[in-house]
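Examining the three-dimensional arrangement
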Amino acid sequence: LPMSIIGTFSVMYLMGFSLDNISLMALTLCVGLVVDDAIVVLENITRHMEMGETPLQAALRGSEEIGFTVLSMTLSLVAVFIPILFMGGILGRLLHEFAVTIMVAVLVSGFVSLTLTPLLAAHLLRPVDHSRHGRLYQLSERFFERWRRAYDRSLVWVLARPRATMLAFVLVSAATAMMFHYTPKGFLPSDDIGQLFAFTETAQDVSFEAMMDKQRQVARLVQSNANVATVMSFIGTSGFSQTLNLGRMLIVLKPYGERASPEQIIQELRPQLTAVPGIKVFLQSVPTIRIGGRLTKSLYQYTLQDADLDELHHWAPILEEKLRALPGLQDVSSDLQIRTPKVAVEIDRDRAATLGVTPAQIEDALYSAYGQRQVSTIYTPTNEYWVILEVEPQFQTDPAALALLHVRSSRGALVPLNAVTRLGSGVAPLTINHQGQVPAVTLSFNLAPGVSLSTAIDEVRAMQARLGVPETLLGSFQGTAQAFQSSLAGMGMLLLMAVFVIYVVLGILYESTIHPLTILSGLPTAGLGALATLALFGRELDMYAYVGIIMLVGIVKKNAIMMIDFALEARRRHARPPHEAIHEACLVRFRPIMMTTMAALLGTMPIAVGFGASGASRQSLGLAVVGGLLFSQFLTLYFTPVIYLYLDRFGEWLAGRRRATSR
């Protein structure tokens, strides 16, 4: 273990990797994987010592006998992660460091187990003397022998009923495919980084003073929550918002262990904040990685685009209302703001010309009253101050005050503004957003508790299809939702490529196209166990769970490799029939199979428990691996021998056909 981890640190240093959440998660998983090869080698050496050989003889013969098995296990596990290295997009960049770290650790462990482990065994192990062992050893050994005898009896029963076993295997494979299709799917789960972000929205005609008052009410209410440590509040235009009626709040939570989870805090604050009149508050947990450059009131975005602005403004509110009615969504909002009150000043050009007033003079008067005209600068010994010309604050928000403005004509007389203009009121867009130079409206939403992103996306698409919107109105998911769609389309292919690469590697090692199929026969059972465990704990199939299933592809086939490799060696050296060879292989390899599986399972257990502040976000990976190992551990001990016998007969039949054809 220390040799493998230290060796991995060395390669990580050379490749410029850092110890972050991704690499540390990979190293945590490696703890249960890097000992597998050493367990197999050491167990085989010990078995030879129990047969009467000296430690040196057992180390030489045992490591030679198991060397090809360890090589197959190591290379096939490394091959699982090769497709991840070629993934594109944000997910590929995230998992690249993860894949490289595990691949290096496994390669180093394979090398150490074939070199250092036999060396230490030859010098440190002593001849076996059962009489010198204590009660705990005797008790555990009796328990294991009973367990192995029970497995022997059940294996004989299964081998005598191969058709029923194959039928059970087909049913398990079908159940795996069905669960994979129907399991709710997600993207990157929310990480608990101790912060919440909030958007606030008021009426489009709100003044700065009114916005400040309402924002302070919300901030005081949030600050009074027992889970909150600090609240930072912002209003005014900025890079996040170009309108005055939108505010932002950054909420810093108390240390982990002294508060509830961010999701629980959001659900607790949401009904309380609705008590503040005239302002809407949209809370969201700050994601570790924000995908997409647009910061909206909610985490997920659905953007509508249409070259016809009137058609876009007609359908956007309709779709927003329909989204609010969907049970899987909450905090639905829109960036469409077209109800801003406006005052139109129309110049009566004939009357203005008669009174000697030009349009430029009228525009200058309005800018001096309501603009940011700098008329002077006040200099002090330490600073300077701009002097801005404007009307008194009580006249700035009253349209009737326009009648009090006067314009000096070319003749020197003061002309009332309402003498040369006509005032009209109406509404106008506060902002008009574009995406790809096309007018766009973005609808943002959060997920209701217990709802997966895949379910929400299906609901949105079904709703738009039912409405029958015009073909010119294009709807597309943006940001995290868009990345989820592209990643989901590639994850299935990634899983298939991982299986294909392992098949090619095993085919090269065994020089056969049949035996790799036998080794890979345990994958459906592992997939069913992983998906069933996720469903049992109410977790969705997110990207971390996908990585766990890909790891299962590399871990589970180790059991079959140990069985098949021993059976092939028994047939080659001792000319034993297939039935007898696979039966002996299952019994001899029963102990290392149990040991390696328990090592991988216990090494993944801390992640499955969800220990730590951000442990819950990675818990799906641990659950998938632990559930897949537990379920496949017992089924592969029975499925693999039966499938081996069937495929061995199929291989002999093909060989006979080739010989007959060649004649």
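Higher on the page you've got the structure.
Every chain begins its residue count from 1, and numbering advances along the sequence as written. The model is predicted, so local features are restricted to residues of pLDDT at least 70 and side-chain atom pairs to those at 80 or more, both for listing and for counting; the totals for chains, interfaces and linings are taken over all residues. Neither water nor hydrogens contribute to the side-chain values; these are computed over all heavy atoms in the structure.

1. Some thoughts on the overall build of the protein chain
Spelled out, the test is: In this description a helix means any DSSP run of H or I spanning at least four residues, a strand means any run of E spanning at least two, and both kinds are numbered starting from the N terminus. To get the radius of gyration, use the C-alpha atoms; to get the globule rule, take the number of residues to the power 0.38 and multiply by 2.2 Å. Think of it in three bands: residues with accessible area under 20% of the maximum for their type are buried, residues over 50% are exposed, and the middle band is partly exposed, with areas taken using a 1.4 Å probe on protein chains only. Only heavy atoms matter for contacts: two residues are in contact if any of them lie within 4.5 Å across the pair. Under the convention used here, a 1.4 Å probe and the Shrake-Rupley method define accessible areas, while residue burial counts only the protein chains that appear. The charged-residue count follows a simple rule in which Lys and Arg add positive charge and Asp and Glu add negative charge, with His and chain termini not counted at all. By convention, charge coordinates are those of NZ in Lys, CZ in Arg, CG in Asp, or CD in Glu.
For the protein chain, the count of helices and strands is 21 helices and 15 strands. Taking 26 Å as the expected radius of gyration for a compact globule of 663 residues, we find that the protein chain reaches 35 Å, considerably beyond that expectation. Here the C-alpha coordinates of the protein chain stretch approximately 120 × 65 × 45 Å along the principal axes. Residues counted as buried form 48% of the 663 residues belonging to the protein chain. Expressed as a percentage of contacts within the protein chain between residues at least 6 apart in sequence, the contacts between residues at least 24 apart total 77%. For the protein chain, the accessible area works out to roughly 32500 Å², and carbon and sulfur atoms hold 61% of it. Within the protein chain, the 51 negative side-chain charges are centred at a point lying 8 Å from the centre of the 52 positive side-chain charges.

2. Examining unusual backbone geometry
For D331, which is not glycine, the phi dihedral falls at a positive 55°. Under the relative-accessibility criterion, D331 is labelled buried at 14%.

3. Some details on the side chain of T183
Note that T183 resides in the loop between α7 (162–182) and β1 (195–201). The contact partners of T183, leaving out residues within four places of it in the chain, are L531 and L541.

4. A short note on the packing of helix α10 (residues 309–325) against helix α14 (residues 453–467)
Threshold: Every axis in this analysis is a line fitted to C-alpha atoms, fitted for helices over the stretch in contact. Angles between the N-to-C directions lie between 0 and 180 degrees. An angle below 35 degrees is read as roughly parallel, one above 145 as roughly antiparallel, one from 65 to 115 as roughly perpendicular, and any other as oblique. Left-handed describes a crossing whose near helix is turned anticlockwise from the far helix by less than a right angle; the clockwise case is right-handed. For this classification, Asp, Glu, Lys and Arg are treated as charged, while Ala, Val, Leu, Ile, Met, Phe, Trp, Tyr, Cys and Pro are nonpolar and the rest, including Gly, are polar.
One can describe the packing of α10 onto α14 by two numbers: an axis separation of 11 Å at closest approach and a directional angle of 130°. By the criterion of interaxial angle, the relationship of α10 to α14 is oblique. As α10 runs across α14, the sense of the crossing is right-handed. Counted together, W315, I318, L319, K322 and L323 of α10 and V460, M463 and L467 of α14 form the full contact between these two elements. Grouping the amino acids of the contact of α10 with α14 by side-chain chemistry returns seven nonpolar, no polar and one charged.

5. Thoughts on the nonpolar core
Quick note on the threshold: Take the buried Ala, Val, Leu, Ile, Met, Phe, Trp, Tyr and Cys residues and link them wherever side-chain atoms come within 4.5 Å; each set so joined is a nonpolar core.
Core analysis: the biggest nonpolar cluster contains 128 residues, and F81, F98, I102, L329 and F445 have the highest contact counts within it. Examining the composition of this core, we find that 21 residues originate from one element, helix α18 (residues 543–574), more than from any other. Among all residues touching F445, those that are not within four sequence positions of it are S298, L299, Y300, Q301, Y302, L329, Q330, D331, V332, A456 and F477. Counting 18 residues, the second largest nonpolar core, distinct from the first, contains L253, L273, I279 and L283.

6. A short note on the sheet that holds strand β2 (residues 228–234)
Rule in force here: Pairing between two strands is assigned when DSSP locates at least 2 bridges connecting them.
Ordered in space as β2-β3-β1-β4, the four strands form an open sheet in which the pairing is antiparallel. Here the strands that pair on one side only, and so sit at the sheet edges, are β2 and β4 (280–285). On average, adjacent strands in this sheet sit at an angle of 20° to one another, irrespective of strand direction. Here six bridges tie β2 to strand β3 (residues 246–253), and the two strands are oriented antiparallel to one another. Bridging from a neighbouring strand, M232 pairs with L250 of β3. Relative to β4, helix α9 (residues 262–273) is tilted by about 175°, and along the sheet it contacts β1, β3 and β4.

7. Side note on the pattern of salt bridges
The following threshold applies: For salt bridges, the criterion is a side-chain nitrogen of Lys or Arg within 4 Å of an Asp or Glu carboxyl oxygen.
Under the defined criterion, the tally for this structure stands at twelve salt bridges. Here K558 ties to D36 by a salt bridge, and the two come within 3.0 Å at their closest N and O atoms. Pair noted here: K558 is in helix α18 and D36 is in helix α2 (residues 21–50), with a separation of 522 residues, a long-range link. Each of the two residues, K558 as well as D36, counts as buried. In this structure, the salt-bridge partner of R270 is D331, at a minimum N-O distance of 2.6 Å. Remark: D331 occurs in strand β6 (residues 329–334) and R270 occurs in helix α9; sequence separation between them is 61 residues. Linked through salt bridges whose partners overlap, the residues forming this network are E320, E321 and R324.

8. Observations concerning empty space enclosed by the protein
This is how it is decided: The distinction between a cavity and a pocket rests on a 1 Å grid over the protein atoms alone: a 1.4 Å probe fits inside a cavity but cannot get out, while a pocket stays open yet meets protein on both sides within 12 Å along at least five of seven lines, and a residue with an atom within 4 Å of a point counts as lining. Grid points are joined across faces, edges and corners, and a volume is the space filled by probe spheres set on the points.
Overall, the coordinates contain three cavities of 30 Å³ or more when judged by the stated rule. Looking at the largest cavity, its volume works out to about 50 Å³. Only α10 and β14 (438–447) provide two or more residues apiece to the lining of the largest cavity. A breakdown of the residues in the lining of the largest cavity according to their chemical character gives seven nonpolar, four polar and one charged.

9. With respect to a positive patch on the surface
Heads up, the condition is: Note that patches include only residues with greater than 30% relative accessible area and no salt bridge, and the join distances are 9 Å for like charges and 5 Å for nonpolar side chains (Val, Leu, Ile, Met, Phe, Trp, Tyr).
On the surface, R142, R146, R149 and R153 cluster together into a patch of positive charge. Note that R142 resides in helix α6 (residues 135–159).

10. What to know about the layout of surface pockets
Of the volumes computed, that of the largest pocket is approximately 1000 Å³. Within the residue set of the lining of the largest pocket, elements represented by two or more residues are α9, β4, β6 and β14. At five residues, α9 tops the list of elements feeding residues into the lining of the largest pocket. Broken down by class, the residue content of the lining of the largest pocket amounts to 17 nonpolar, 17 polar and eight charged. If you add up the space inside the second largest pocket, you get close to 780 Å³. Considering the residues around the second largest pocket, the lining is formed by 26 residues, among which P341, Y370, Q396, T397 and D398 are closest to the centre. Elements with a contribution of two residues or more to the lining of the second largest pocket: β7 (340–347), α12 (359–370) and α13 (393–396). Tallying contributions element by element places β7 first for the lining of the second largest pocket, with five residues. Along the lines of polarity and charge, the residues of the lining of the second largest pocket split into 13 nonpolar, nine polar and four charged.

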